[in-house]
Amino acid sequence: MSEQKSFSSNLGAIMAAVGSAVGLGNIWRFPYITGKYGGGAFLIVYLFFVFLLGSVLMMSELVIGRRTRCTPIKAYTSLATKGQKGLWRVLGWLCVVTSFFILSQYLVLSGWTTGYVWHSVSGSLAALGTDASLIADFFRLFSTGGWNPVWYMVAFSALVLIVIFGGVQKGVELASKVLMPILVVLILVLCVRSLTLPGSMRGVEYLFSPDFSKLTAEGILAALGQALFSLSVGMGVMVVYGSYLPANDNIFKTAMWITACDTLIALLAGLAIFPAVFSCGFDPAGGPGLVFCVLPNVFNSMGTAGAVFSMVFFLLLLVAALTSAISLLECLTACICEATARPDGKSGMRRWQGALLFFLLTTALGAVFTLSFSHLSGVKIADLSLFDFIDRINSIYLPPICALCTTIFFGWVMPEADVRDEFTSHGAHRVRLYGAVRFLARYVAPLALLIVLVTGIFMN
Ligand code: TRP
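Residues numbered from 1 in each chain as written. Predicted model: local features only at pLDDT ≥ 70, side-chain atom pairs only at ≥ 80, totals over all residues. Heavy atoms only, no water.

Description of the overall build of the protein chain
Then, in step 1: When helices and strands are counted, the protein chain shows 18 helices and two strands.
Then, in step 2: Radius of gyration (C-alpha) of the protein chain: 21 Å, near the 23 Å computed for a compact globule of 460 residues.
Then, in step 3: The C-alpha extent of the protein chain, read off along each of the three principal axes, is 65 × 45 × 45 Å.
Then, in step 4: Buried positions account for 58% of the 460 residues belonging to the protein chain.
Then, in step 5: Pairs at least 24 apart in sequence give 82% of the contacts found in the protein chain among residues at least 6 apart. (Helix = DSSP H or I, 4+ residues; strand = E, 2+ residues; numbered from the N terminus. Rg over C-alpha atoms; globule rule 2.2 N^0.38 Å. Buried < 20%, exposed > 50% of the residue type's maximum accessible area, 1.4 Å probe, protein only. Contact = heavy atoms within 4.5 Å.)

Side note on the side chain of Ser230
Then, in step 1: One can find Ser230 in helix α10 (residues 217-230).
Then, in step 2: A polar side-chain atom of Ser230 sits 3.5 Å from a polar atom in the side chain of Asn26.
Then, in step 3: Every residue in contact with Ser230, bar those within four places of it in the chain, is listed here: Ala21, Asn26, Tyr46 and Asp262. (Polar contact = N/O pair within 3.5 Å; in protein donor to acceptor, adjacent residues only side chain to side chain.)

Brief notes about the nonpolar core
Then, in step 1: Core analysis: the largest hydrophobic core is formed by 167 residues, its most contacted members being Ile64, Tyr241, Phe313, Phe314, Phe409 and Phe423.
Then, in step 2: Looking at which element gives the most residues to this core, the answer is helix α14 (residues 304-340), with 21 residues.
Then, in step 3: Once residues lying within four places of it in the same chain are set aside, the contact partners of Ile64 are Ala75, Tyr76, Leu79, Val239, Thr406, Phe409, Phe410 and Met414. (Core = buried A, V, L, I, M, F, W, Y, C linked by side-chain atoms within 4.5 Å.)

Some details on the packing of helix α13 (residues 290-300) against α14
Then, in step 1: Two numbers describe how α13 lies on α14: the axes approach to 8 Å, and their chain directions differ by 150°. The angle between α13 and α14 places the two elements in the roughly antiparallel class. Of the residues in α14, those touching α13 at Val291, Phe292, Leu295, Pro296 and Phe299 are Gly306, Phe309, Ser310, Phe313, Phe314 and Leu317.
Then, in step 2: In terms of residue class, the contact of α13 with α14 is built from nine nonpolar, two polar and no charged. (Axes fitted to C-alpha atoms, helices over the stretch in contact; angles between N-to-C directions. Parallel < 35°, antiparallel > 145°, perpendicular 65-115°, else oblique. Nonpolar A, V, L, I, M, F, W, Y, C, P; charged D, E, K, R; others polar.)

Notes on the site of the ligand
Then, in step 1: Near the ligand, the surroundings consist of 15 residues, among which Ala21, Gly25, Tyr106, Phe229 and Ser232 are the closest.
Then, in step 2: The contact in question runs from an oxygen atom of the ligand to an N or O atom on the side chain of Asn26, over 3.1 Å.
Then, in step 3: Contact between the ligand and Ser232: a nitrogen atom at 2.9 Å from a side-chain N or O atom of the residue.
Then, in step 4: With the chains in place, 100% of the 360 Å² that the ligand exposes on its own is no longer accessible.
Then, in step 5: Among the elements of the structure, α1 (10-21), α2 (24-36), α10 and α14 are those that each provide at least two residues to the shell around the ligand.
Then, in step 6: Residues belonging to the shell around the ligand are distributed by class as follows: seven nonpolar, eight polar and no charged. (Near = heavy atom within 4 Å. Areas by Shrake-Rupley, 256 points an atom, 1.4 Å probe, with all protein chains shown as cover.)

Thoughts on the side chain of Ser425
Then, in step 1: Looking at the element boundaries, Ser425 is found in the loop between α17 (416-423) and α18 (434-459).
Then, in step 2: Among the residues examined, Ser425 registers a relative accessible area of 5% and is labelled buried.
Then, in step 3: A distance of 3.1 Å separates a polar side-chain atom of Ser425 from the backbone oxygen of Asp249.

Observations regarding the packing of aromatic side chains
Then, in step 1: What the rule picks out here adds up to 32 aromatic pairs.
Then, in step 2: Centroid distance Phe7 to Tyr241: 5.4 Å. Interplanar angle 90°. Geometry classified as edge-to-face. On the criterion of sequence distance, the pair formed by Phe7 in the segment before α1 and Tyr241 in helix α11 (residues 237-243) is long-range, its members being 234 residues apart.
Then, in step 3: By relative accessible area, which is 3% here, Phe7 ends up buried. (Phe/Tyr/Trp six-rings, centres within 6.5 Å; stacked < 30°, edge-to-face > 60°.)

Side note on the pattern of salt bridges
Then, in step 1: A full pass over the atoms with the stated rule returns nine salt bridges.
Then, in step 2: Between Arg140 and Asp137 there is a salt bridge, with its nearest N and O atoms 3.2 Å apart. One end of the pair is Arg140 and the other is Asp137, both in helix α6 (residues 132-143) and three residues apart, which spans about a single turn.
Then, in step 3: Ionic contacts of the salt-bridge type, sharing partners, join the residues Arg66, Arg67, Asp418, Asp421 and Glu422 into one network. (Salt bridge = Lys/Arg side-chain N within 4 Å of Asp/Glu carboxyl O.)

As for α1
Then, in step 1: Between its terminal C-alpha atoms α1 stretches 16 Å, which fits the 16 Å expected from twelve residues at 1.5 Å a residue.
Then, in step 2: Counting buried positions along α1 gives nine out of twelve residues, so the element sits mostly inside the fold.
Then, in step 3: Regarding α1, the residues found buried are Gly12, Ala13, Ile14, Ala16, Ala17, Val18, Gly19, Ser20 and Ala21.
Then, in step 4: On the buried face of α1, the contacting elements are α2, α8 (168-195), α10, α11, α12 (251-279) and α14. (Expected span 1.5 Å × (residues − 1).)

The following block contains the structure:
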């Protein structure tokens, strides 16, 4: 098994990071949130946050990772000043915990997606026709179907495990290089179909025409939350990917590429979904159920070809989820291997052992969350089902806390000379916007994240 601990090229690194960033958040969450909070108006705020703050956080994590060539646990401690090492070690572990819970929750939706790929291939989705209540019932029966969705989830995580077994270059990087182009082709196919349907322009308008009256304070916070979630920052995954970056890689450029690609794919997802939804006369405010309840109906009303587009769509969702889950399991695996390594340099846990351990743990927890829609629906924490509970932890608490600590660390704790040296790849290139990035990282990002965190906690 390959134990090579870096990506083979800049392109491979970008593909892997884009694969991590592009996920269910882009294709399932971004379109419905944008619709909900005023289309174009939300979009302007979102773009502002993504490029101003999201990209800066991305750079911070990549810099920390490449500087130390370590996972978050060791990275933060080794860069911290002497008396503070214990404190920053906590942040490293918090990143691990966050990745762990995010993956466990992510697996639930990935399992559903895997199930829907199967049902669109087997024809059971097409057989439902265009009866909205029948389609909604199908989703309800499927998601509350006890162990059935769990098996799909297990199949999905097994696929992720196989990729991680392959190693950094022959697993993660190769999978990203194969899957990301497929994803782009699939999404373009859907965009073309969607935009050429009669009446599709109303969907484009819905997505892009700004309605500032719908843009509330809540919408602005949602934009920032979505920007961080979509870029996969705030849980140390990008620290790990940073540690795999080639030494000469221009981190500023790489982060900008990742941000741009992630945003572009989110926009394409909106263009693939809304024009078709409007053209077929459905309600765009489908919320989280948009993908599983509204879209099958849209495909079924397209006639025979709809069955093909349905397969294409759910396959797209699966590919997007897969590359994100891969990055999460990779992060966890790298962390545990490093944390168990002995001081004398002898390796602790082997890569395959770490991967298997976290595969078992996250899949088991994912099964519990999946079953919280059926057998475990009676179990409540703070009046919430287990899934809703973890959803709240994963959106309001953990990532914003990690992100906030990361910016403070990057802006105020890590020696500036190290930051500059890493940004310029030891003087190999000039980064003209360095001053601006530094300013954003030190002042703007921590403040914005603090606001998100506090309002998130008090508004819910
Ligand atoms: N960015 C992913 C998406 O858009 C979700 C995500 C959040 C993620 N944090 C992550 C994926 C960490 C991988 C690693 O769906």
